[in-house]
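Chain by chain, the residues run as shown.
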Amino acid sequence: MNAYIFPGQGAQYVGMGLDLYEKYPVAQELFEDANEILGFPITDTMFEGTPEELKQTKVTQPAIFLHSVILSKVMGDSFRPDMVAGHSLGEFSALVANGVLNFEDGLKLVSKRALAMQKACELQPSTMAAVLSLADEVVESICEQTPGIVVAANYNCPGQLVISGEVPAIEAACAKMKEAGARRALVLPVGGAFHSPLMEPAREELATAIENTMFSAAKCPIYQNVTTTAVSNADEIKNNLISQLTAPVKWTQSVQNMIKDGASLFTEVGPGKVLQGLVKKINAQSETTSAILT
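Conventions we followed
Starting from 1, residues in each chain are numbered consecutively following that chain's sequence as written. Per-residue local features are limited, in this predicted model, to residues with pLDDT of at least 70; the limit for side-chain atom pairs, both in listing and counting, is 80 or more; totals at the level of whole chains, interfaces and linings are taken over all residues. Side-chain metrics in this entry use all non-hydrogen atoms of the structure; hydrogen atoms and water are not considered. Only a pair of cysteine sulfur atoms within 2.5 Å qualifies as a disulfide here. Per-residue accessibility, obtained with a 1.4 Å probe over protein chains only, is compared with the maximum for each type, and a residue is labelled buried under 20%, exposed over 50%, and partly exposed between these values. Secondary structure follows DSSP: runs of H or I at least 4 residues long count as helices, runs of E at least 2 residues long count as strands, and numbering of each begins at the N terminus. Note: two strands are recorded as paired if DSSP finds a minimum of 2 bridges between them. If you view a crossover with the strands going away from you and the path from the first strand over the helix to the second runs clockwise, you call it right-handed. Inter-axis angles, ranging from 0 to 180 degrees, are taken between N-to-C directions of lines fitted to C-alpha atoms, where helices are fitted over the stretch in contact. Residues are treated as being in contact if the distance between any of their heavy atoms lies within 4.5 Å. Put plainly, a pocket is an open set of points on a 1 Å grid over the protein atoms alone with protein on both sides within 12 Å along at least five of seven lines, a cavity is a set where a 1.4 Å probe fits but cannot get out, and a lining residue has an atom within 4 Å of a point. Grid points are joined across faces, edges and corners, and a volume is the space filled by probe spheres set on the points. Three residue categories are used. Nonpolar comprises Ala, Val, Leu, Ile, Met, Phe, Trp, Tyr, Cys and Pro, charged comprises Asp, Glu, Lys and Arg, and polar comprises the others, including Gly.

Observations regarding the state of the cysteines
Summed over all chains, the structure comprises zero disulfides. Free of any disulfide, Cys 121 has its nearest neighbouring cysteine sulfur in Cys 174, separated by 17 Å. For Cys 174, which is in no disulfide, the shortest distance to another cysteine sulfur is to Cys 143 and amounts to 9.1 Å. Residue class for Cys 174 comes out buried when judged on its relative accessible area of 5%.

Here's what the structure looks like:
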C-alpha cells in the first residue's frame, strides 16, 4: 500500500515551486489563485525571495502547503494514495490531497493558522528544543518535573523528540536532559512554543475557522497527529485538527500504525526529504521516495 506523507514547517527553500510554475499550466493557475486568495504575491517570495523573508511564519506555512498540494495536483492520475499523513502543517496538505478540504479552503485555513500562531508567539516568550538519544518516557518525566510550562511536542522518531514551552522552563529542562544522558538538548531558532498549551489562543482562533469550513468524507484514511490511527469521518477529522495546535505531533506512532495497516511505500510530497529520513529511522525496512513527475 502507498502512503503519501506531507512535510511541515522547516522544509522550505528559496525557489520552491518555480519548476512547477514554469512547466505546468495547472500549477501556474493554482499559484496565481493563491496570490489572490492570500492578498499578497507569495510566489515572489517563494521563487526569488530571501531565506529570511521565506522564514516568516505567515509566508512559510502557506508556501509549504502550496508546494505540496500543487505537486500532488500536477501528478494527476499517478497520485493514488491508499493512506495519507502530514507532519503538523503537513496535515492540511494531506487533507486537500485526500479530498477532505478543497484547495481554497485549505489555503485559507493554513494562512489563518500561521497568523494565529504568530500572534500567540508574541503574547509570551517561548521556544522549542530538540532532544536526541533519550527514551520518550525519560523526556516526558523530565518535562513533568520541570517548573513552568514545558511539554513533549514532536515525537519525530525514536531518540528524536522536540520539547516546547516557556523559555526558562525549556532551558532548565535541557540542562536536566543532558544530565540524564541526552546526546544533545539544543534550543531551536523558532519563534514560539508550537504544539504546547501556550498555543491555546491560536487554537481558539483557528477552531472557529475550522468549524465554519466544509469538510468532506475522506477518499482514503488520514493518520492524524493527535490520534495516530486511520480516520475517514469528516467530523472526527475536524475535531482532531482543532486539537492539533496544542497537542503533540505523534509522528513516530502514526508511521508505526501506517506500517501495521499495510503501508509498504512512503512517498513524500513537498519540499525536501526530512520525512523520508524519519520514516527510515522509525522502520529501516520501509521503502521511501519523493513524489516524481512524469
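Following the structure, the description resumes.
Re helix α12 (residues 251-260)
Those residues of α12 that fall on the buried side of the exposure criterion are Trp 251, Thr 252, Ser 254, Val 255, Asn 257 and Met 258. Of the residues flanking the end of α12, it is Gly 262, one or two places downstream, whose phi is positive at about 115 degrees.

Some words on the pairing of strand β9 (residues 265-268)
For strand β1 (residues 2-6) and β9, the ladder comprises four bridges, and the chain directions are parallel. Along β9, the bridge assignment pairs Tyr 4 with Thr 267. Taken together, the four bridges between β9 and strand β10 (residues 287-290) define a ladder with parallel strand orientation. In the sheet register, Thr 267 faces β10, and the bridge partner there is Thr 289. Since β9 and β10 lie parallel, the crossover through helix α13 (residues 274-282) that links them has a hand, and here it is right-handed.

Comments concerning the sheet that holds strand β4 (residues 150-157)
With antiparallel pairing, four strands are arranged side by side in an open sheet as β4-β5-β3-β6. Each edge of the open sheet carries a strand with a single partner, namely β4 and β6 (184-187). Strand-to-strand twist of the sheet, defined as the mean angle between neighbouring strand axes without regard to direction, takes the value 20 degrees. By the bridge criterion, four bridges tie strand β3 (residues 126-132) to β6 in an arrangement that is antiparallel. Paired with Val 131 across the two strands is Ala 185, which belongs to β6. Set on the sheet, helix α9 (residues 167-179) makes contact with β3, β4, β5 (160-166) and β6; between it and β5 the angle comes to about 145 degrees.

Regarding the layout of surface pockets
Taken as a whole, the largest pocket encloses approximately 920 Å³ of empty space. For the largest pocket, the lining is made up of 35 residues, of which Gln 9, Gly 10, Leu 188, Val 190 and Phe 194 are closest to its centre. Of all the secondary-structure elements, those providing two or more residues to the lining of the largest pocket are α5 (57-74), α7 (103-123), β3, β4, β5 and α13. Of the residues contributing to the lining of the largest pocket, the split by class is 16 nonpolar, 16 polar and three charged.

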